[in-house]
Amino acid sequence: MANGDTIVEHRLDTEGSDQLMLAGVNDRNFQELARLFGVRAVLRGDHLILSGPLEAVERAVPVAQHVIELARLRIPFDTTDIGRFAEGLDELGPAGLVHPGDQIRLALPGSRRVIVPKSEGQRRYLQAIQEHDVVIGIGPAGTGKTYLAVACAVDALYKKRVRRIILARPAVEAGENLGFLPGDLQEKVDPYLRPLYDALEDMMPHDRVRRALEDSTIEIAPLAYMRGRTLGDAFVILDEAQNATTAQMKMFLTRLGLNSRVVITGDKTQIDLPRRSDSGLLEVERILSDIDGISLVYLDAKDVIRHRLVKDIIRAYERASDADEGETMGGPS
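About the criteria used
Residues numbered from 1 in each chain as written. Predicted model: local features only at pLDDT ≥ 70, side-chain atom pairs only at ≥ 80, totals over all residues. Heavy atoms only, no water. Core = buried A, V, L, I, M, F, W, Y, C linked by side-chain atoms within 4.5 Å. Buried < 20%, exposed > 50% of the residue type's maximum accessible area, 1.4 Å probe, protein only. Helix = DSSP H or I, 4+ residues; strand = E, 2+ residues; numbered from the N terminus. Contact = heavy atoms within 4.5 Å. Pairing = 2+ DSSP bridges. Axes fitted to C-alpha atoms, helices over the stretch in contact; angles between N-to-C directions. Parallel < 35°, antiparallel > 145°, perpendicular 65-115°, else oblique. Left-handed = near helix turned anticlockwise from the far one by under 90°. Nonpolar A, V, L, I, M, F, W, Y, C, P; charged D, E, K, R; others polar.

Draft legend 1. Representation of the nonpolar core within the structure. Y125, V154, L200, I218, I220, F235 and I237 are the most contacted members of the largest nonpolar core, which totals 37 residues. Secondary structure elements with two or more residues in this core: β4 (106-108), α5 (120-131), α6 (145-158), β7 (164-169), α7 (185-201), α8 (206-214), β8 (218-222) and β9 (234-238). Among the elements that make up this core, the one with the highest residue count is α6 (10 residues). If sequence neighbours within four positions are ignored, V154 has contacts with L108, I165, L200, M203 and M204. Formed by 28 residues, the second largest nonpolar core is a distinct cluster that contains L12, A23, V57 and F85.

In structure tokens form, the structure reads like this:
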């Protein structure tokens, strides 16, 4: 019998962990461990017992130990996260599992939520925001670029590190016209700013968000509204930056005032401008990467935290794009 077929049992100490959090509803987390690694996972007293083929158990142990540590620290996770931990371990080895004690945690008192990075890419992104005045986060949909930036902004506001939050987006997607929509200008652009409202309301009580908007502690506005202003003592986020023109991007970056932080987020695969080369995001990636105090952070499909199919969809589009580029370079056969 080969070593990989030898059936073994490994016991992991779970003392001090939140066992309901560890197991998940109806033991879903254990079922996911079993599905991913081909092992049996059973909780008996203060021990999680993994049993199965030797190689499968050896692969499962680091991930199981990781979720036990998360449950000890009361850091929430779900089955999707367990799959991500397994991927990180396969791709990066032990470095793919960030020790819970080393994680950046944002405790937002208004919502009683703790925001933690779900991947190594997200951890690097949050660390960059904490250490740099200007951060440019580039990656596909679902990687948490906007959500984590808003969390950092709310955290800075609660801790009185800044006096206000300013969230901006290009107001009109290229090729579209909002003139036919009813209402005044603010009502016309609100649909484009809705993701920013949604992120805020997920982290702050609704009444506090409303009051902050009324007294301009939080401002959500189209990018064009930034012209001529100096944004001091503020946490400023430019979302969907791939649809800001080069002129708009320069205008935005030169608004930076004293004691301010800027986070720019964008997805290079979703540029809606008539000419891709007009994107200010592509230009800042090219010309600002070597400036001290500015950090570029790249996220990819491994950092997607939406439905698991989103990750597969992104990878399918990447493969199709690579194939198209190969055909273009190769020319007609």
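That was the structure; now back to the text.
Draft legend 2. Representation of the sheet that holds strand β11 (residues 294-298) within the structure. One open sheet holds the 6 strands; their spatial order is β8-β7-β9-β10-β6-β11, and the pairing between them is parallel. Of all the strands in the sheet, just β8 and β11 have a single pairing partner and so form its edges. Direction aside, neighbouring strands of the sheet carry axes that sit 15 degrees apart on average. Bridging between strand β6 (residues 134-138) and strand β10 (residues 261-266) involves 5 bridges; their strand directions are parallel. Counted as the bridge partner of G137 is T265 from β10. Helix α9 (residues 246-253) rests against β6, β9 and β10 of the sheet, and its axis sits at about 160 degrees to β10.

Draft legend 3. Quick peek at unusual backbone geometry. In this structure, R74 takes a positive phi of about 60 degrees despite not being glycine. Secondary-structure assignment places R74 in the loop between α3 (54-72) and α4 (79-92). Despite not being glycine, K160 shows a phi value in the positive range, around 60 degrees. Counting through the fold element by element, K160 comes out in the loop between α6 and β7.

Draft legend 4. Geometry of the packing of α9 against helix α10 (residues 280-287). Their axes nearest at 7 Å, the elements α9 and α10 cross at an angle of 60 degrees. Regarding the angle of α9 to α10, the classification is oblique. Of the two possible hands of crossing, α9 and α10 adopt the one that is right-handed. Between α9, through T246, M249 and L253, and α10, the contact on the second element is made entirely by G280, L281, E283 and V284. Partitioned by chemical class, the residues of the contact of α9 with α10 number 4 nonpolar, 2 polar and 1 charged.

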